[in-house]
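Remarks on the overall topology
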Amino acid sequence: MKRSAIVIFVLSIVSLACTSSGKKDPFDIAPENIYTLEGEKVNYPNLMSPRRLNIVGEYLIISENSRVSPNLPLIHVIDKRTLQYKFPKGITGFGPLEISDATLVEPGFSDSTFLVYSSIEKKITGFLLNDTSRLGISQIRQPEPMFGMYSMFHATDSTVIGIMANDPNRLVEFSIKDGKRIAGYGNWEKIPNADHLIDYTDPDINYHMGEINKGRFKANRELGLFVKANAYRDRIEIFHYGTKTFDIVEGPRLEVPDFKVNYSGGRSAVIFDPNYPFGYGDVAITPSYIFALYGGLSSMEMRRTNEIAKTIYILTHSGEVLGKINLDISVVDMVVDEKLGKIYGITTDEDPGIAVFDIPEKFL
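So, a few notes on the structure that sits alongside this text. As the structure is a computational prediction, the values presented were derived from the model and not from experiment.

Within this structure, the stated rule accounts for 16 aromatic pairs. Centroid distance Phe-153 to Phe-217: 5.7 Å. Interplanar angle 55°. Geometry classified as tilted. You can see Phe-153 sitting in strand S11 (residues 149-154) and its partner Phe-217 sitting in strand S15 (residues 215-220), a full 64 residues away along the chain. For Phe-153, a relative accessible area of 3% corresponds to the buried category. Considering the side-chain rings of Tyr-232 and Phe-272, the 4.1 Å spacing of their centres and the 10° angle between planes classify their relative orientation as stacked. Separated by 40 residues along the polypeptide, Tyr-232 in the loop between strand S16 (225-230) and strand S17 (235-240) and Phe-272 in strand S20 (residues 267-272) bring together distant segments of the chain. Relative accessible area serves as the criterion here: at 15%, Phe-272 is assigned to the buried category. Of the aromatic side chains, those joined through ring pairs into one cluster are Phe-153, Tyr-185, Phe-217, Phe-226, Phe-239, Tyr-241 and Phe-246.

This brings us to the pairing of strand S12 (residues 159-164). Counting buried residues along S12, six of its six residues qualify, which places the element largely inside the surrounding structure. Taking the residues that link successive antiparallel strands as the turn, the S11-S12 hairpin has four residues. Sheet topology places S12 next to strand S13 (residues 169-175); four bridges connect them, and they run antiparallel. Residue pairing in the sheet places Thr-159 in a bridge with Ser-175 of S13. Hairpin connection from S12 to S13: four residues lie between these consecutive antiparallel strands.

The next point concerns the sheet that holds strand S14 (residues 181-187). Read across the open sheet, the four strands follow the order S11-S12-S13-S14; overall the sheet is antiparallel. The open sheet is flanked by S11 and S14, the only strands paired with a single partner. Adjacent strand axes in the sheet meet at a mean angle of 25° when their direction is disregarded.

So, about the pattern of salt bridges. Pairing is possible between side chains that carry opposite charge, provided their charged atoms lie close to one another. Considering all chains together, one arrives at 21 salt bridges under this definition. Salt-bridge contacts for Arg-181 lead to Asp-167; the nearest nitrogen and oxygen are separated by 2.7 Å. Taken together, the positions of Arg-181 in strand S14 and Asp-167 in the loop between S12 and S13 put the pair 14 residues apart, joining distant regions of the chain. Classification of Arg-181 as partly exposed rests on a relative accessible area of 36%. Notably, a salt bridge pairs Lys-214 with Glu-211, separated by 3.2 Å at the nearest N-O pair. Judged by its relative accessible area of 30%, Lys-214 falls in the partly exposed class. Among the residues examined, Glu-211 registers a relative accessible area of 17% and is labelled buried. Because the salt bridges share partners, they merge into one network encompassing Arg-170, Glu-189, Lys-228, Arg-235, Glu-237 and Glu-250.

Basis of the calculations
Residues numbered from 1 in each chain as written. Predicted model: local features only at pLDDT ≥ 70, side-chain atom pairs only at ≥ 80, totals over all residues. Heavy atoms only, no water. Phe/Tyr/Trp six-rings, centres within 6.5 Å; stacked < 30°, edge-to-face > 60°. Helix = DSSP H or I, 4+ residues; strand = E, 2+ residues; numbered from the N terminus. Buried < 20%, exposed > 50% of the residue type's maximum accessible area, 1.4 Å probe, protein only. Pairing = 2+ DSSP bridges. Axes fitted to C-alpha atoms, helices over the stretch in contact; angles between N-to-C directions. Salt bridge = Lys/Arg side-chain N within 4 Å of Asp/Glu carboxyl O.

This is the structure:
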């Protein structure tokens, strides 16, 4: 009887640990679903300070840091199959069909084009993929009513969904032609122990909420998926355009990091503890999964080690966590091609290039 009582007690403790929050921890991943991948690095002399990586058709599109010399291209095009460098794109400037920076890249509305959003100049510029001209072929300015939007992707050929600097909604949809607001999606939720951040009619409060929930925003227009992976708190927000609904994934850490709001000269800023590790750094949306790049390092650790992120979580489109990947090479940005079975990332060493990993067979 005594032994049976001990067994029951132990099982009760295990059960309590799994259900103390009402459900199993989604990041409690079985060992057989945790993988360690060895990557192969490819160097490109043309890359100076690459920061962003995207896939458009058969190509990898690499965006440079906007601080590179204005004589150098801001965009590089690489064949994703052969990994051969094809040609540069983008002339730095503020003239017609030039770009000030390459904040976001997305596919165009034909197989031979891609679009670049320049947040400095608030312009969307179209480029051809079948010629070597560095100039764009089309350009529109972000309409004035939506100047507060700093990150956006097309939902349709005439509308964009993005993040506003100070809005009561997580995402907002606008007409790109005239700047008319179509809809807002997802209201801010109360932050624990932050009772001063509850008046969502106050633009300053909305700005603070946006900063606390800031992160990398990506979209897959064909799938109707828009995903934000938060940098400061461990949270992934999956928006389904078809149903206008969100799936929210919390973790692996559940707490909101300590922060304070500083006021100076009529302006305010959210300041986080610099010793608190960052959360998610990027996200890739494929036809079957969502791949979320996770850092877990503080700013000080990043400077000391030159590493940014070496962990990827694999989720379904509804947010179920299926697996975890440990990389042997640190990357700052990534894309995933299911058909080729490859993960591509920009390395964070002193001579950055492209690291290529094979997707675990289970997820092909």
